[in-house]
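Architecture at a glance
These are the residues of each chain, in order.
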Amino acid sequence: VEVTFVEESQVSTLPFDDVDVDDWFYEAVEYAYDNDLMNGVSADEFDPNGTLTRGMMVTVLYRLEGEPESRADLPFEDVEPGTSYTEAVRWAVDEGIVLGTSDTTYEPDAMITREQLATMLYRYAEYKDYDTTHGGMAIREFADYEDISDWALEGLDWAVNAELVNGVGNNTIAPLSSATRAETATLLMRFIEAFEA
């Protein structure tokens, strides 16, 4: 008698036509969507290769924290009352998780860079009193180390050594490149599994 085993193929639980179960980022997108951290750009699109704005990213952290109330004043002229990110920016600035691009601007619609994303998560980890003393690979070993902004060195070094952020090939970290939505979902999943599980 010959017995044949047929491997059951995974079926997507996501409503997005542009995220396939075989994609490297599928699990992370599923995680971010199921935990209400990230939504699609439409009912049936996640846009994994699209980018995230500074306003969107601070909103993700705000959701992760349970949308706490803050009564702090907002110093930014470009953060209008009543937007989808207003209260998130208010909370994050009050807690020192984000800074403006100047004393009076936050630039919520600017694409978030990989070094900005890592720094936001680093400051959020400090806010939560998580261990941020990871050691390991020195960030200066990346070929484009000198491209990293001085203010981002500590946060990006932590993110690399905590295995949240990887290089992008050719021994580079691409600190000034925009973070994609798939990369962001992956980083969030790694962060939560490492520190909040």
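One structure accompanies this document, and this report is about it. Because the structure is predicted, anything quoted here is derived from the model rather than measured.

Looking now at the overall build of the chain. Each helix and strand counted, the chain has 6 helices and 0 strands in total. Taken from the N to the C terminus, the helices and strands of the chain come in the order α-α-α-α-α-α. A compact globule built from 197 residues would reach a C-alpha radius of gyration of about 16 Å, and the chain, at 18 Å, matches this within 12%. Projected onto the principal axes, the alpha-carbon positions of the chain cover approximately 75 × 40 × 30 Å. Every one of the 197 residues in the chain was classed for burial, and the buried ones make up 44%. Long-range pairs, those at least 24 residues apart, make up 71% of the contacts in the chain between residues at least 6 apart in sequence. Accessible area for the chain stands at about 10700 Å²; split by element, carbon and sulfur atoms hold 43% of it. In the chain, 10 side chains carry a positive charge and 43 a negative one; their mean positions are 7 Å apart.

The next thing to look at is the layout of surface pockets. Quantified by volume, the largest pocket comes out at close to 320 Å³. What lines the largest pocket is a set of 16 residues, among which Met 56, Thr 59, Arg 63, Ser 84 and Arg 181 lie closest to the centre. Counting residues per element, the lining of the largest pocket draws most heavily on helix α2 (residues 54-64), which supplies 5 residues. Each residue belonging to the lining of the largest pocket can be placed in one class, and the counts come to 7 nonpolar, 6 polar and 3 charged. Each pocket or cavity is described by its volume, and for the second largest pocket that value is around 220 Å³. Looking at the second largest pocket, it is lined by 13 residues, and the ones nearest its centre are Arg 114, Leu 164, Asn 166, Glu 183 and Arg 190. In terms of residues, the lining of the second largest pocket owes the most to one element, helix α6 (residues 181-195), which gives 4 residues. Broken down by class, the residue content of the lining of the second largest pocket amounts to 7 nonpolar, 3 polar and 3 charged.

The backbone of Glu 163 shows a phi angle near 60°, a positive value even though the residue is not glycine. On the secondary structure map, Glu 163 appears in the loop between α5 (153-161) and α6. Given the relative accessible area of 62%, Glu 163 is considered exposed.

Bringing the environment of Gly 96 into the picture now. Here Gly 96 is to be found in the loop between α3 (86-94) and α4 (114-127). Residue Gly 96 is classed as partly exposed on the basis of its relative accessible area of 37%. Sequence spacing of Gly 96 and Tyr 127 is 31 residues, and the spatial spacing of their C-alpha atoms is 8.0 Å.

Our next topic: the packing of α2 against α3. Remark: α2 packs on α3, axes separated minimally by 8 Å, with the N-to-C direction vectors making an angle of 75°. Relative to α3, the element α2 is oriented roughly perpendicular. Side by side, α2 and α3 meet where Val 58, Thr 59, Leu 61 and Tyr 62 of the first sit next to Glu 87, Ala 88, Val 89, Trp 91 and Ala 92 of the second. Here the residues of the contact of α2 with α3 sort into 7 nonpolar, 1 polar and 1 charged.

Buried within helix α1 (residues 26-34) are the following residues: Tyr 26, Ala 28, Val 29, Glu 30 and Ala 32. Taken together, the buried residues of α1 touch α6. Positive backbone phi, approximately 60°, marks Asp 36, located one or two places after α1.

Looking at the secondary structure, you find Glu 30 in helix α1. As a buried residue without a salt bridge, Glu 30 has its nearest oppositely charged side chain in Arg 190, at a separation of 15 Å.

Formed by 58 residues in total, the largest nonpolar core has its most connected members in Met 57, Leu 61, Trp 158 and Phe 191. Those elements giving two or more residues to this core turn out to be α1, α2, α3, α4, α5 and α6. It is α6 that contributes the most residues to this core, 8 residues altogether. Filtering out sequence-adjacent residues up to four positions away, Phe 191 remains in contact with Leu 64, Leu 121, Tyr 124, Ala 125, Tyr 130, Trp 158, Leu 164 and Glu 196.

Each value, and the rule that gives it
Residues numbered from 1 in each chain as written. Predicted model: local features only at pLDDT ≥ 70, side-chain atom pairs only at ≥ 80, totals over all residues. Heavy atoms only, no water. Helix = DSSP H or I, 4+ residues; strand = E, 2+ residues; numbered from the N terminus. Rg over C-alpha atoms; globule rule 2.2 N^0.38 Å. Buried < 20%, exposed > 50% of the residue type's maximum accessible area, 1.4 Å probe, protein only. Contact = heavy atoms within 4.5 Å. Areas by Shrake-Rupley, 256 points an atom, 1.4 Å probe, with all protein chains shown as cover. Lys, Arg positive; Asp, Glu negative; His and termini not counted. Charge placed at Lys NZ, Arg CZ, Asp CG, Glu CD. 1 Å grid on protein atoms, 1.4 Å probe; cavity = no way out; pocket = protein on both sides within 12 Å on 5 of 7 lines; lining within 4 Å. Points joined across faces, edges and corners; volume = space filled by probe spheres on them. Nonpolar A, V, L, I, M, F, W, Y, C, P; charged D, E, K, R; others polar. Axes fitted to C-alpha atoms, helices over the stretch in contact; angles between N-to-C directions. Parallel < 35°, antiparallel > 145°, perpendicular 65-115°, else oblique. Salt bridge = Lys/Arg side-chain N within 4 Å of Asp/Glu carboxyl O. Core = buried A, V, L, I, M, F, W, Y, C linked by side-chain atoms within 4.5 Å.

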